[in-house]
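Examining the three-dimensional arrangement
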Amino acid sequence: MSINADPAKNTQPRRKGPLELRRKQAAVEMSDQHLLDTKGPGQFVHTDPWRVLRIQSEFVEGFGALADIGKAVSVFGSARTKPGSVYYEMGVEVGRKLAEAGVAVITGGGPGSMEAANRGTVEGNGVSVGLGIELPFEQGLNQWVDLGINFRYFFARKTMFVKYAQGFIVLPGGLGTLDELFEAMVLVQTRKVTSFPIVLLGVDFWGPMIEWIRGTLVAEGMVSEKDLDLIQLVDDPAEAVDRVLHVAVTPSLNGEQRPE
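To keep things clear, this report deals only with the structure shown in the data block. This is a predicted model, so every value here is computed, not measured. (Residues numbered from 1 in each chain as written. Predicted model: local features only at pLDDT ≥ 70, side-chain atom pairs only at ≥ 80, totals over all residues. Heavy atoms only, no water.)

Details of the overall build of the chain
Broken down by element type, the chain carries 9 helices and 11 strands. Looking at the 260 residues of the chain, the share that counts as buried comes to 40%. Looking at the chain alone, contacts between residues at least 24 apart form 67% of all its contacts between residues at least 6 apart. Accessible surface computed for the chain: about 14,700 Å², of which carbon and sulfur atoms make up 55%. (Helix = DSSP H or I, 4+ residues; strand = E, 2+ residues; numbered from the N terminus. Buried < 20%, exposed > 50% of the residue type's maximum accessible area, 1.4 Å probe, protein only. Contact = heavy atoms within 4.5 Å. Areas by Shrake-Rupley, 256 points an atom, 1.4 Å probe, with all protein chains shown as cover.)

Brief notes about the packing of helix α3 (residues 48-66) against helix α6 (residues 154-163)
Axis separation between α3 and α6 bottoms out at 10 Å; the angle between their running directions is 25 degrees. One way to sum up the angle between α3 and α6 is to call them roughly parallel. The way α3 lies across α6 gives a crossing that is right-handed. For the pair α3 and α6, contact is made by I55, E58, F59, G62, F63 and L66 and by F155, A156, T159, M160 and K163, respectively. (Axes fitted to C-alpha atoms, helices over the stretch in contact; angles between N-to-C directions. Parallel < 35°, antiparallel > 145°, perpendicular 65-115°, else oblique. Left-handed = near helix turned anticlockwise from the far one by under 90°.)

Some remarks on the side chain of T107
Position of T107 among the secondary structure elements: in strand β4 (residues 104-107). Judged by its relative accessible area of 0%, T107 falls in the buried class. A polar contact of 2.7 Å, which involves the side chain of T107, links it to the side chain of N118. Residue contacts for T107: discarding those within four places in its chain leaves V75, M114, A117, N118, V129, G130, L131 and F161. (Polar contact = N/O pair within 3.5 Å; in protein donor to acceptor, adjacent residues only side chain to side chain.)

Let's talk about α3
Between the first and last C-alpha of α3 there are 27 Å, a value that for 19 residues agrees with the 27 Å anticipated at 1.5 Å per step. Among all positions in α3, only E58, G62 and L66 are buried. What you see down the axis of α3 is that its buried residues fit within an arc of 35 degrees, all on one side. In α3, the exposed positions angled more than 90 degrees off the buried face are occupied by P49, V60, E61 and G64. (Expected span 1.5 Å × (residues − 1). Arc of directions from axis to C-beta.)

Overview of the pattern of salt bridges
Considering all chains together, one arrives at 7 salt bridges under this definition. Across the salt bridge formed by E239 and R243, the nearest N and O atoms sit 3.0 Å from each other. Of this pair, E239 and R243 both sit in helix α9 (residues 237-246), 4 residues apart, which is roughly one turn of that helix. Among the residues examined, E239 registers a relative accessible area of 32% and is labelled partly exposed. For R243, a relative accessible area of 28% puts it in the partly exposed group. Through salt bridges with shared partners, one network takes in R96, R119 and E123. (Salt bridge = Lys/Arg side-chain N within 4 Å of Asp/Glu carboxyl O.)

Observations concerning the sheet that holds strand β7 (residues 168-170)
In spatial order, the strands read β6-β5-β4-β3-β7-β8-β9; together these 7 strands make up an open sheet with parallel pairing. Edge strands, defined here as strands with exactly one partner in the open sheet, are β6 (147-151) and β9 (231-234). The mean angle between the axes of side-by-side strands here comes to 20 degrees, regardless of whether they run parallel or antiparallel. This element, α9, spans β3 (72-76), β7, β8 (198-201) and β9 of the sheet and lies at about 175 degrees to β8. (Pairing = 2+ DSSP bridges.)

Things to note about the packing of aromatic side chains
Tallying each qualifying case throughout the model produces 8 aromatic pairs. Each ring, one from F76 and one from F168, has its centre 4.7 Å from the other, and the planes form 80 degrees; the classification is edge-to-face. Taken together, the positions of F76 in strand β3 and F168 in strand β7 put the pair 92 residues apart, joining distant regions of the chain. You can call F76 buried: its relative accessible area is 3%. A relative accessible area of 2% places F168 in the buried class. One aromatic cluster is present, built from ring pairs that chain together F76, F161, F168 and F196. Positioned above the aromatic ring of F63 is the side chain of K163, whose terminal nitrogen or guanidinium carbon lies 5.5 Å from the ring centre. (Phe/Tyr/Trp six-rings, centres within 6.5 Å; stacked < 30°, edge-to-face > 60°. Lys NZ or Arg CZ within 6 Å of the ring centre and 35° of its normal.)

Section: the packing of helix α4 (residues 86-100) against helix α5 (residues 113-123)
Packing of α4 against α5 leaves a shortest axis separation of 6 Å and a crossing angle of 40 degrees. In terms of their interaxial angle, α4 and α5 are classed as oblique. For the element pair α4 and α5, the recorded crossing hand is right-handed. Between α4 and α5, the contacting residues are Y88, G91, V92, G95, R96 and A99 on the first element and E115, A116, A117, R119, G120, T121 and E123 on the second.

Written as structure tokens, this is what we have:
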């Protein structure tokens with residue numbers, strides 16, 4: 001048999017990025033050739049490597065937009081809160097008082113309590129930030145957002161809520177609000193973030209949940225009694241703002257968290 005009978009043995013060594021390929025492995029297209037010659041449906045934008053780039057871009061855009069907003073507090077609450085309701089007016093007052101204290105307000109950018117906090121911030125001449133999320137049932141950023149970012153991915157959005165805020169004020173809300181609240185509690189409890197006060201506004205609304213945690217989770221040994229120190233429960237928007245701005249949460253000697 002001729003030495004040239006097996007083409008694979010004669011294929012010249014190839015480099016592909018950091019790889020060096022020989023024999024059968026060398027018989028591949030160059031990356032640029034594959035990119036420029038590929039035609040047809042854009043299925044590549046639905047692949048995981050492409051999604052990674054989109055995720056990266058969300059972090060880059062978020063970091064770039066929020067890096068210079070200064071001191072800020074994230075305010076959470078239901079998108080279903082009606083204008084003129086008690087909870088809506090609480091949100092407006094919270095936003096206004098934070099703005100008057102020179103603190104930027106970050107919300108989810110949607111309607112309801114989020115709109116209320118953004119509205120109060122604008123009325124208080126503060127920095128009103130909305131971090132929207134792509135959902136099938138929400139209508140985009142509310143009209144009171146001055147600096148808005150829309151996200152595809154919840155986890156990228158949640159990072160911005162925590163990274164650029166010094167604390168959370170949580171108005172009454174549903175599943176999304178509970179998700180944000182308990183994630184914040186876990187981050188503080190596990191020391192992923194420190195000195196991070198979490199204030200719940202609305203004693204009648206949140207009180208039964210606190211009692212359930214104490215009467216069931218603590219009683220069953222699922223959480224520590226000290227874990228309840230991670231949150232503070234108030235009824236007055238002015239007190240909520242005062243606590244989130246002036247009451248730090250620091251680690252105790254036994255590894256739990258406690259308010260100072």
